[in-house]
Amino acid sequence: MIKSLISKLIFSIFKPEKRIGSSNPFKELLKLPVIFDLTSFLIQLRYIRKIININALEKKSIYIEDVINYNYSVTSSKLITRNRRAEIYYKVSSLIIPNLNKKKLLIIGPRNVQELFMAWIYGFSWNKILGIDLYSSHKKIKVMDMHNLEFKDETFDCVIMSNTLAYADDTEKVINEVVRVLKPNGLFSFGATYDPGDKRWVGSSVNGETIYKILKKDGMKIIFHLPVEKVNSLKRNQTAHHFSAQKVDLKTKLTDDFHL
């Protein structure tokens, strides 16, 4: 008994169990508010010129043109982003996905390098992070329309989309595309804003139940869902749905196959 206690004490000191969802100590330090803001500021500062001289999607509809103009106006007016709204999707993903540093990540709609940095500090390897948007402010962000992803089936282990689905012209098609490029057991973590009073952005009129049904239809199981109510900048009530859904692996047979 004494030998067992001593061995456990030694292992606790020299080989402690890893905390779920944590990355290395240096990256944990970078998550602290002041340090994150300062580091993020310096990284974004390096790419300000790229934002000013931006390249955008060439072939586009009138609606997508409006999306580009609006989002670019936000990006160009806020050259340095401090908002950490996307962090919830990386935090949840880090709790669900094992060996995060070995997984391939697609970020849809990151706008600039700040979200790439956020993905890295939560455990994704820098060389396995790729972003797509309607315009590019960093070499790791490819110019692409989320309705037509230019990737082969089952390419990514994780897809993260923060506050981007509201700009979809066809919400179901976007989700279909995400599921297509996800590997079996791959995770889709995203936000979906429901604002029925919004007449500009088509995706804002799609409610949480509809999104849930699309996910289920596409063979996804819901891992996490958190609806948050707020009043937006236009003084309208809206619900922000935070979803994490996993692509069902048909080859895996669970003893208890229950899922939401």
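Everything that follows concerns the structure shown earlier in this document.
Quantities reported herein were computed from a predicted structural model and do not represent experimental measurements.

Caption draft 1: Representation of the layout of surface pockets within the structure. Of the voids in this model, the largest pocket is the one considered here, and its volume is about 1400 Å³. Forming the walls of the largest pocket are 48 residues, and the residues nearest its centre are Tyr70, Arg85, Arg111, Asn163 and Tyr167. Of all the elements in the fold, those that place two or more residues in the lining of the largest pocket are helix H5 (62-77), helix H7 (113-121), strand E3 (129-133), strand E8 (220-231) and strand E9 (237-247). Looking at which element gives the most residues to the lining of the largest pocket, the answer is H5, with six residues. Tallied by class, the residues present in the lining of the largest pocket amount to 19 nonpolar, 17 polar and twelve charged.

Caption draft 2: Fine view of the packing of aromatic side chains. Taken as a whole, this structure holds ten aromatic pairs when the rule is applied. Look at Tyr167 and Trp201: their rings are 5.2 Å apart centre to centre, the planes differ by 80°, and that puts the pair in the edge-to-face class. Of this pair, Tyr167 sits in the loop between strand E6 (156-161) and helix H8 (171-181) while Trp201 is found in the loop between strand E7 (182-194) and helix H9 (208-217), placing the two residues 34 residues apart along the sequence. As far as the burial class goes, Tyr167 and Trp201 line up, both buried.

Caption draft 3: Spatial organisation of empty space enclosed by the protein. Throughout the structure, instances matching the rule amount to one cavity of 30 Å³ or more. Empty space within the largest cavity amounts to approximately 30 Å³. For the lining of the largest cavity, the class distribution of residues is three nonpolar, three polar and no charged.

Caption draft 4: Quick look at the environment of Asp198. Considering the arrangement of structural elements, one finds Asp198 in the loop between E7 and H9. Taking C-alpha positions, Asp198 is 9.6 Å from Leu234, a pair spaced 36 residues apart along the chain. Aside from chain neighbours lying at most four places away, what touches Asp198 is Ser204 and Arg236. At 3.3 Å, the side chain of Asp198 and the side chain of Ser204 are in polar contact.

Caption draft 5: Structural detail: the packing of helix H3 (residues 33-46) against H7. Two elements in contact, H3 and H7, have axes whose closest approach is 9 Å; the angle formed by their N-to-C orientations is 130°. Of the possible angle classes, the one that applies to H3 and H7 is oblique. The crossing of H3 and H7 is right-handed. Where H3 abuts H7, its residues Phe36, Thr39, Ser40, Ile43 and Gln44 lie against Val113, Gln114, Phe117, Met118 and Ile121. Here the contact of H3 with H7 is built from residues that sort into six nonpolar, four polar and no charged.

Caption draft 6: Broad picture of the sheet that holds E8. Pairing is mixed across the open sheet formed by seven strands, whose spatial order is E5-E3-E2-E6-E7-E9-E8. Sheet topology places strand E5 (141-143) and E8 at the edges, where each strand pairs with a single neighbour. Each adjacent strand pair in this sheet contributes to an overall mean axis angle of 15°, direction not counted. Packing against the sheet, helix H6 (residues 87-96) makes contact with strand E2 (105-108), E6, E7, E8 and E9, and its axis sits at approximately 150° to E7. With respect to the sheet, H8 is in contact with E2, E6, E7, E8 and E9, its orientation differing from that of E7 by roughly 155°.

Caption draft 7: The arrangement of H3 in detail. Between the first and last C-alpha of H3 there are 20 Å, a value that for 14 residues agrees with the 20 Å anticipated at 1.5 Å per step. Buried within H3 we find Phe36, Ser40 and Gln44. Axial view of H3: buried residues confined to an arc of 50°, hence all on one face. Exposed and oriented more than 90 degrees from the buried face of H3 are Val34, Leu38, Leu42 and Arg46.

Caption draft 8: Focus on the side chain of Asp198. For Asp198, which is buried and forms no salt bridge, the nearest opposite charge comes from Arg236, at a distance of 4.4 Å. From its side chain, Asp198 meets the backbone nitrogen of Trp201 in a polar contact 3.3 Å long.

Caption draft 9: Summary view of the nonpolar core. Counting residues in hydrophobic clusters, the biggest one holds 30 residues, and the most contacted among them are Phe188 and Leu215. Every element with two or more residues in this core is listed here: E2, E3, E6, H8, E7, H9, E8 and E9. In terms of residues, this core owes the most to one element, H8, which gives five residues. Look past the residues within four positions of Phe188 in its chain and what remains in contact with it is Val159, Met161, Ile175, Val178, Leu182, Leu215, Met220, Phe243, Ser244 and Ala245. Grouped together as the second largest cluster of nonpolar side chains are 23 residues, Ile97, Leu100, Phe124 and Ile160 included.

What counts, and at which threshold
Residues numbered from 1 in each chain as written. Predicted model: local features only at pLDDT ≥ 70, side-chain atom pairs only at ≥ 80, totals over all residues. Heavy atoms only, no water. 1 Å grid on protein atoms, 1.4 Å probe; cavity = no way out; pocket = protein on both sides within 12 Å on 5 of 7 lines; lining within 4 Å. Points joined across faces, edges and corners; volume = space filled by probe spheres on them. Helix = DSSP H or I, 4+ residues; strand = E, 2+ residues; numbered from the N terminus. Nonpolar A, V, L, I, M, F, W, Y, C, P; charged D, E, K, R; others polar. Phe/Tyr/Trp six-rings, centres within 6.5 Å; stacked < 30°, edge-to-face > 60°. Buried < 20%, exposed > 50% of the residue type's maximum accessible area, 1.4 Å probe, protein only. Contact = heavy atoms within 4.5 Å. Polar contact = N/O pair within 3.5 Å; in protein donor to acceptor, adjacent residues only side chain to side chain. Axes fitted to C-alpha atoms, helices over the stretch in contact; angles between N-to-C directions. Parallel < 35°, antiparallel > 145°, perpendicular 65-115°, else oblique. Left-handed = near helix turned anticlockwise from the far one by under 90°. Pairing = 2+ DSSP bridges. Expected span 1.5 Å × (residues − 1). Arc of directions from axis to C-beta. Lys, Arg positive; Asp, Glu negative; His and termini not counted. Salt bridge = Lys/Arg side-chain N within 4 Å of Asp/Glu carboxyl O. Core = buried A, V, L, I, M, F, W, Y, C linked by side-chain atoms within 4.5 Å.

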